[in-house]
Amino acid sequence: MSGVALDHVSKQFGSVRGVEDVHIDIRPGEFFTFLGPSGCGKTTTLRMIAGFYYPTSGRIRFGNQDVTTLPPNKRNTGMVFQNYALFPHMSVFENIAFGLEVRKLPKSEIRDKVERALKLVHLEGYGNRRIDQLSGGQQQRVALARALVIEPQILLLDEPLSNLDAKLREETRFEIKRLQLELGITTIYVTHDQAEAMSMSDRIMVMQNGVVQQIGTPEDIYHRPLNRFVASFIGETNLWEGTVVGIEGDEVRVEIAPGLVLSGYLNNASPQCQIRRGEKLAVSVRPESVQEADPEKADAANVVTGSVIISEFTGATVHYISEAAGNRLRATFVNQGHRVKQRGEELSLLIPKESIYFVG
Ligand SMILES: Nc1ncnc2c1ncn2[C@@H]1O[C@H](COP(=O)(O)OP(=O)(O)OP(=O)(O)O)[C@@H](O)[C@H]1O
Ligand SMILES: [Mg+2]
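Residues numbered from 1 in each chain as written. Chains lettered and ligands numbered in written order. Predicted model: local features only at pLDDT ≥ 70, side-chain atom pairs only at ≥ 80, totals over all residues. Heavy atoms only, no water.

1. What to know about the site of ligand 1
Note the cut-off: We call a residue near a molecule or strand as soon as one heavy atom of that residue lies within 4 Å of the molecule or strand. Here a polar contact is taken to be a pair of N or O atoms separated by no more than 3.5 Å, where protein atoms must pair a possible hydrogen donor with a possible acceptor and residues adjacent in sequence count only if both atoms sit in side chains. For every accessible area listed, the method is Shrake-Rupley and the probe measures 1.4 Å; residues are considered covered only by the protein chains on display. Under the scheme used here, helices are H or I runs from DSSP no shorter than 4 residues and strands are E runs no shorter than 2 residues, and both carry numbers assigned from the N terminus.
Around ligand 1, the surrounding shell holds 14 residues, and the nearest of these are Ser 38, Gly 39, Lys 42, Thr 43 and Thr 44. Contacts to ligand 1 include Thr 44, whose side-chain N or O atom sits 2.5 Å from an oxygen atom. With the chains in place, 64% of the 630 Å² that ligand 1 exposes on its own is no longer accessible. Mapped by element, the contributors of at least two residues to the shell around ligand 1 are β2 (16-26) and α1 (42-50).

2. Points about the domain arrangement of the protein chain
To keep it simple, the criterion reads: An automatic or database domain assignment provides the domain bounds reported here. Here a residue-residue contact requires only that any non-hydrogen atoms of the pair lie within 4.5 Å. Two parts placed together each lose some accessible area under a 1.4 Å probe, and the buried area is that loss summed for both. A pairing counts as a salt bridge when a side-chain nitrogen of Lys or Arg comes within 4 Å of a carboxyl oxygen of Asp or Glu.
Splitting the protein chain by domain gives domain 1 (4-228) and domain 2 (238-359). Placing the centre of domain 1 and that of domain 2 at their C-alpha centroids yields a distance of 39 Å. Tallying the contact residues gives eight residues for domain 1 and 14 residues for domain 2. A combined buried area of about 930 Å² lies between domain 1 and domain 2, and 45% of that area is made up of carbon and sulfur atoms. On the domain 1 side of the contact with domain 2, Tyr 222, Leu 226 and Arg 228 bury the most area, a combined 62% of that side's loss. Here domain 1 and domain 2 share one salt bridge between them. Of the charged contacts in the structure, one is a salt bridge between Arg 228 and Glu 241, with a shortest N-O distance of 2.7 Å. There are five residue pairs in polar contact (both at pLDDT 80 or more) connecting domain 1 and domain 2. The biggest single contributor to the side of domain 1 that touches domain 2 is helix α7 (residues 218-223), with three residues.

Put into structure tokens, the structure is as follows:
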């Protein structure tokens, strides 16, 4: 097993920027995810690791081996493509066996390995089916078996769940994670779905327009986003523009709107954020960290009183969107059986100081 290092890798397609200056060190056995909106450069980066594209500049290493210009068949990576890329007219068995036949393994060994791969993805007995006789989820698992059967050092998965329905997505998500842990294989996973990335990954690289925005654990990225893009792309958040109006000790006061001033801690700020009087910055507050305030204490610090615009009852939670001083405020409470407030009712919310995070 080996790790994967990208050393200042860029890829230019003529005048189009694919990705720029990607610098990462993926550890052996790590589950590492590329996350970002469509066109941000996820597939391009993955294809360079697989060898289907060569970088315009920079180097790629697997462990100590420089593979920058090594062709794909010499890299020992297993890849699941964004559209599966299965051979529709061939059987499940033939699809999975393909990579082993290219490697000219003996027939009996091929049979054993394919059987084992089918078992791994819970498709025993499906070997003779044609691909076009399978459901989307089953095809998905064939693509995964085909990537795993060659016993790759590195598993590359490009949006492997994108064609599945919600329930199957969740099951297959769990399945992939189980396989990855069982085989201990270094895995690079591509998705634009932040919930998928958060729940599966050891670390996530967030990208936008070909540029890396942040690399970190799901908790890092959720709690300590480096910039506005990361704060709003990962999970739900309240993101308000404001101006620093006071700094006292370890506390910072930020004015969001006339009459709406919030206090937070100096330490809860992204390194890219300048905290000086008069400086403009963004304040990020996760909806689940907002609390319902005692209406008697509506004047207390960080209590915002507004009126309900939307209330949503999901059973497990209650979501509110309220408006105060021209700003929208989202809050999510665990359902404790209290009456759900309706549109137009007054709602006082406490934004705990420690839940405020400043982004530059
Ligand atoms: N072969 C190519 N020739 C020219 N431009 C390309 C090529 N492949 C990708 N690009 C461009 O590079 C950028 C990154 O594309 P990429 O396919 O890596 O995005 P992505 O993050 O995988 O998006 P998606 O989520 O839609 O799959 C885009 O602007 C895209 O148009
Ligand atoms: Mg893609």
